[in-house]
Amino acid sequence: MTPGLMTPGTGELDMRKIGQARNTLMDMRLSQVSDSVSGQTVVDPKGYLTDLNSMIPTHGGDINDIKKARLLLKSVRETNPHHPPAWIASARLEEVTGKLQVARNLIMKGTEMCPKSEDVWLEAARLQPGDTAKAVVAQAVRHLPQSVRIYIRAAELETDIRAKKRVLRKALEHVPNSVRLWKAAVELEEPEDARIMLSRAVECCPTSVELWLALARLETYENARKVLNKARENIPTDRHIWVTAAKLEEANGNTQMVEKIIDRAITSLRANGVEINREQWIQDAEECDKAGSVATCQAVMRAVIGIGIEEEDRKHTWMEDADSCVAHNALECARAIYAYALQVFPSKKSVWLRAAYFEKNHGTRESLEALLQRAVAHCPKAEVLWLMGAKSKWLAGDVPAARSILALAFQANPNSEEIWLAAVKLESENNEYERARRLLAKARSSAPTARVFMKSVKLEWVLGNIEAAQELCEEALKHYEDFPKLWMMKGQIEEQEGQTDKAREAYSQGLKKCPHSTPLWLLLSRLEEKIGQLTRARAILEKSRLKNPKNPGLWLESVRLEHRAGLKNIASTLMAKALQECPSSGVLWSEAIFLEARPQRKTKSVDALKKCEHDPHVLLAVAKLFWSERKITKAREWFHRTVKIDSDLGDAWALFYKFELQHGTEEQREEVRRRCENAEPRHGELWCSVSKDIANWQRKIGEILVLVAARIKNTF
């Protein structure tokens, strides 16, 4: 008879179902863990049961799923009653379905079937209430007297500190070489008892660095030295013991020993076959830095900074290391790297500059000036280093010291335009106008440049000596007719004097000589717009765009001209053309966002970010957009992004400050102000228009920030 046509008895049918369930489970698990390699199937024979928990339905799951899981787990237990995961999974199934007593009964049955399983005993202790759990753990200890996890669980179940201590000490009698037990026991003791206990612990676990270091921390200076020496004898391959020894000497004022200890550490570890991992040691140095062990962190840096670095890669690698340390707020580590790099590359201007900027941002004025003094001794031709030194003195109010630095700079660089102009700036911004005038006259005779003449014109113009300014401008243009700023100044002086025709003539002449100067085109166009000649202004801008294609600044002015005239449709049409010609201009995209009606601005901002994701003007526009929608957290986040990408954009700082005035705390406002002063921004339409009217602006960045913020009307 065909087997499929048989009518089995009820018992036989039940057994078959159970067998089929087990086979299904086996097939499922085997297919999951099998891996066909060259025609062979590789299977973990026990692994199919290790994650039985994944089969357990969550509480409140379908009743049929629970029944199936219960049936499958029963089959597994009966098939292999000595397999711990089956009992644990079974108990957890009953637990999640609310049958806690059934779960307890099952797991206790599991302890009978698997008395040597830590996991089963721990699960049993977890499922039982307080006193019963203690009894379970006591029973577990009898079966597994060497199980650290069970002793730890026993201690956790005790609520009284003395009882915890008693359990752990009993545990240590059975397992004296367990670091985990010693640590748990020591943590419960007072310092003196902990020290005594640790003395015993290191005898039982002589290869545990952690225990040796803990003991050293509790000992007196002299005893700690002995402890660390013993630790080195027992564990000659661990760097942490050496670093701790160096920190110990530093903490006790023996800084001269620190370098010796670190050098001996490198030698000893190498002798014991330990590879010196540069990254690990740098990490140790950073930790020492954060712990206040400056001498140790610097000694470690000096010892390992050159290990494994090719000669041609040293400078680049060390500068990256310094940046990394700054990012991790390990400033002394960074300072040590710069000091070492400057010993190796004493004549590298770029390294001195990086070190100087580091001190400017993270050091004191004294540390910066001391470094710059050394820098100019090694690189006397590096004008920027002299200028940084003079500026530092000037910002601190020590004008005579700044003068003397610039005098020394002149000796080293007699024809330097930068140094001449710095000296002029120093005098003029300290109201020493006669000194500035004499310096400029001397510069025009000994080191004449277009910029020297330009500064000469500007000084006389600012002081109200219009005739002298005009004469100097004419003289300068005889020599430097292709320098657009001279033509701009000539036209602006005439405009100020009300001489519109002469101003127009100056700008027009300038454009013949400098047809690619965007500011000159803008000045001429704005002059015509100001006197009501809109058509002429428009024609000038069209001509400028023909001569200077793909120029975002000229397109932007054209759009704004129409907008100011109230011709918004024409402005929008021009903006579309502008974006076709300059598709990656952040300035244009940021303007385009706010040309749109409010509902369309978000879509436009998405388009802008696709085209120029990291442009500060676009990021700033998005921040303004969120601000206008009163999404304060998002707006603040985008302001932070903007000033991080371009800290030189003064308008971004001013908008950020205005935002915090309205929505931030006093601390947030001060943070923006402080960061702005550190960044010393120089660019931005509003920023430049305000800062040009303020003498000594570098000392008044905070004032400019407030003034620009006050001018901003957040009607966007």
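These numbers were taken from a predicted model, which means no experiment stands behind them. (Residues numbered from 1 in each chain as written. Predicted model: local features only at pLDDT ≥ 70, side-chain atom pairs only at ≥ 80, totals over all residues. Heavy atoms only, no water.)

1. So, the overall build of the protein
From N to C terminus, the protein includes 40 helices and 2 strands. Taking 2.2 N^0.38 as the reference for a compact globule, 716 residues should give roughly 27 Å; the C-alpha atoms of the protein span a radius of gyration of 39 Å, well beyond that estimate. Across its three principal directions, the C-alpha atoms of the protein cover 115 × 80 × 55 Å. Looking at the 716 residues of the protein, the share that counts as buried comes to 45%. Partitioning the intrachain contacts of the protein with sequence separation of at least 6 by distance along the chain shows that 52% fall at a separation of at least 24. Accessible surface for the protein amounts to roughly 37,300 Å². Of this, 51% is attributable to carbon and sulfur atoms. Side-chain charges of the protein comprise 108 positive and 98 negative groups, with the mean position of each set lying 3 Å from the other. (Helix = DSSP H or I, 4+ residues; strand = E, 2+ residues; numbered from the N terminus. Rg over C-alpha atoms; globule rule 2.2 N^0.38 Å. Buried < 20%, exposed > 50% of the residue type's maximum accessible area, 1.4 Å probe, protein only. Contact = heavy atoms within 4.5 Å. Areas by Shrake-Rupley, 256 points an atom, 1.4 Å probe, with all protein chains shown as cover. Lys, Arg positive; Asp, Glu negative; His and termini not counted. Charge placed at Lys NZ, Arg CZ, Asp CG, Glu CD.)

2. Topic: the pattern of salt bridges
Scanning the model with the defined rule gives 56 salt bridges in all. Here E460 and R437 are joined by a salt bridge, their closest N and O atoms 2.7 Å apart. On the criterion of sequence distance, the pair formed by E460 in helix α25 (residues 450-462) and R437 in helix α24 (residues 433-446) is long-range, its members being 23 residues apart. Accessibility expressed as a relative area gives 7% for E460, which makes it buried. Measuring nitrogen to oxygen at the nearest pair gives 3.0 Å for the salt bridge that ties E557 to R564. Here the salt bridges share partners, and the residues they tie into one network are R92, E95, E123 and R126. (Salt bridge = Lys/Arg side-chain N within 4 Å of Asp/Glu carboxyl O.)

3. With respect to the nonpolar core
Counting 132 residues, the largest nonpolar core has I150, L181, W182, W281, M301, V304 and L385 as the members making the most contacts within it. When sequence neighbours within four positions are dropped, the list of residues in contact with W182 reads L172, P176, M197, R200, A201, C204, C205 and L211. In this structure, A621, W638, F639 and W687 belong to the second largest nonpolar core, which totals 47 residues. (Core = buried A, V, L, I, M, F, W, Y, C linked by side-chain atoms within 4.5 Å.)

4. Describing the packing of aromatic side chains
Overall, the coordinates contain 10 aromatic pairs when judged by the stated rule. Their ring planes at 10° and their centres at 5.2 Å tell us that F639 and F656 sit as a pair that is stacked. Of this pair, F639 sits in helix α36 (residues 632-645) while F656 is found in helix α37 (residues 650-663), placing the two residues 17 residues apart along the sequence. An aromatic cluster of at least three residues, connected via ring pairs, comprises W627, F639, F656 and F659. Looking at R77, its charged tip hangs above the ring of W87, at a distance of 5.5 Å from the centre. The lysine or arginine in question, R545, covers the ring of W555, its NZ or CZ lying 4.2 Å from the ring centre. (Phe/Tyr/Trp six-rings, centres within 6.5 Å; stacked < 30°, edge-to-face > 60°. Lys NZ or Arg CZ within 6 Å of the ring centre and 35° of its normal.)

5. Re the layout of surface pockets
Volume-wise, the second largest pocket comes out at about 640 Å³. Residue lining of the second largest pocket: 18 residues in total, with V326, N361, H362, R675 and N678 positioned closest to the centre. Listing elements by their share of the lining of the second largest pocket, those giving two or more residues are α17 (314-327), α19 (349-362), α36 and α38 (666-679). For the lining of the second largest pocket, the element with the most residues is α19, which contributes 5 residues. For the lining of the second largest pocket, the class distribution of residues is 8 nonpolar, 4 polar and 6 charged. (1 Å grid on protein atoms, 1.4 Å probe; cavity = no way out; pocket = protein on both sides within 12 Å on 5 of 7 lines; lining within 4 Å. Points joined across faces, edges and corners; volume = space filled by probe spheres on them. Nonpolar A, V, L, I, M, F, W, Y, C, P; charged D, E, K, R; others polar.)

6. Things to note about the confidence of the model for the protein
Predicted confidence across the protein gives a mean pLDDT of 87, with 90% of residues reaching 70 or more. Confidence drops under pLDDT 50 across residues 1-17; counting only partners more than four residues distant or on other chains, this segment forms 2 contacts. Across residues 19-50 the pLDDT falls below 50, and counting only partners more than four positions away or on other chains, this stretch makes 25 contacts in the model. (pLDDT = per-residue confidence, 0-100.)

7. Observations concerning the UniProt feature "repeat: TPR" (unreviewed entry) in the protein
Here the UniProt feature "repeat: TPR" (unreviewed entry) sits at residues 484-517. In this annotation, residues 484-517 is assigned 79% helix and 0% strand; the end-to-end C-alpha distance for the span is 7 Å. (UniProt positions renumbered as here; feature names shortened; annotations may be inferred.)

8. A few points about the state of the cysteines
As used here, a disulfide is simply a covalent bond connecting the sulfur atoms of two cysteines. With the rule as written, the count across this model stands at 0 disulfides. Not engaged in a disulfide, the cysteine C288 finds its nearest cysteine sulfur in C297; these two sulfurs lie 6.8 Å apart. Free of any disulfide, C333 has its nearest neighbouring cysteine sulfur in C297, separated by 3.8 Å. (Disulfide = S-S within 2.5 Å.)

9. With respect to unusual backbone geometry
The phi dihedral of N431 is positive, around 65°, even though this residue is not glycine. Its place among the elements puts N431 in the loop between α23 (417-428) and α24. Positive phi outside glycine occurs at R630, with the angle close to 60°. Its place among the elements puts R630 in the loop between α35 (616-628) and α36.

10. Some details on the packing of helix α29 (residues 518-530) against helix α30 (residues 534-547)
Where α29 meets α30, the closest approach of the two axes is 8 Å, and the angle between their N-to-C directions is 165°. Classified by the angle their axes make, α29 and α30 are roughly antiparallel. Once α29 is placed against α30, the crossing between them reads as left-handed. Residues W521, L522, L524, S525, E528 and E529 of α29 form the contact with α30, whose own contacting residues are R536, A537, I540, L541, K543, S544 and K547. Per-class residue counts for the contact of α29 with α30 are 6 nonpolar, 2 polar and 5 charged. (Axes fitted to C-alpha atoms, helices over the stretch in contact; angles between N-to-C directions. Parallel < 35°, antiparallel > 145°, perpendicular 65-115°, else oblique. Left-handed = near helix turned anticlockwise from the far one by under 90°.)

11. Points about helix α8 (residues 161-174)
In a regular helix each residue adds 1.5 Å, so 14 residues correspond to 20 Å; α8 covers 20 Å between its end C-alpha atoms and thus fits that length. By the burial criterion, the buried members of α8 are A163, K164, V167, L168, A171 and L172. Among the structural elements, α7 (148-157) and α9 (179-187) are those in contact with the buried residues of α8. The backbone nitrogen of R162 lies 3.2 Å from a side-chain oxygen of the residue at the head of α8, namely D160. (Expected span 1.5 Å × (residues − 1). Polar contact = N/O pair within 3.5 Å; in protein donor to acceptor, adjacent residues only side chain to side chain.)

12. Here we look at the side chain of S590
Within the secondary structure layout, S590 lies in helix α33 (residues 586-595). Judged by relative accessible area, which is 15%, S590 ranks as buried. Once residues lying within four places of it in the same chain are set aside, the contact partners of S590 are H617, V618 and A621.

13. Looking at helix α27 (residues 484-496)
Taking 1.5 Å of rise per residue, 13 residues should cover 18 Å, and α27 covers 18 Å from first to last C-alpha, within 8% of that figure. Looking at α27, one finds that the buried residues are L486, W487, M488, M489, K490, G491, I493 and E494. Against the buried residues of α27 lie α25, α26 (466-479), α28 (500-513) and α29.

14. Overview of the environment of L554
For L554, the position within the fold is in helix α31 (residues 552-564). By relative accessible area, which is 0% here, L554 ends up buried. Sequence separation of L554 and W521 is 33 residues, and the distance between their C-alpha atoms is 8.1 Å. Not counting the four nearest positions on each side in its chain, L554 is found in contact with T518, W521, L522, S544, R545 and N548.

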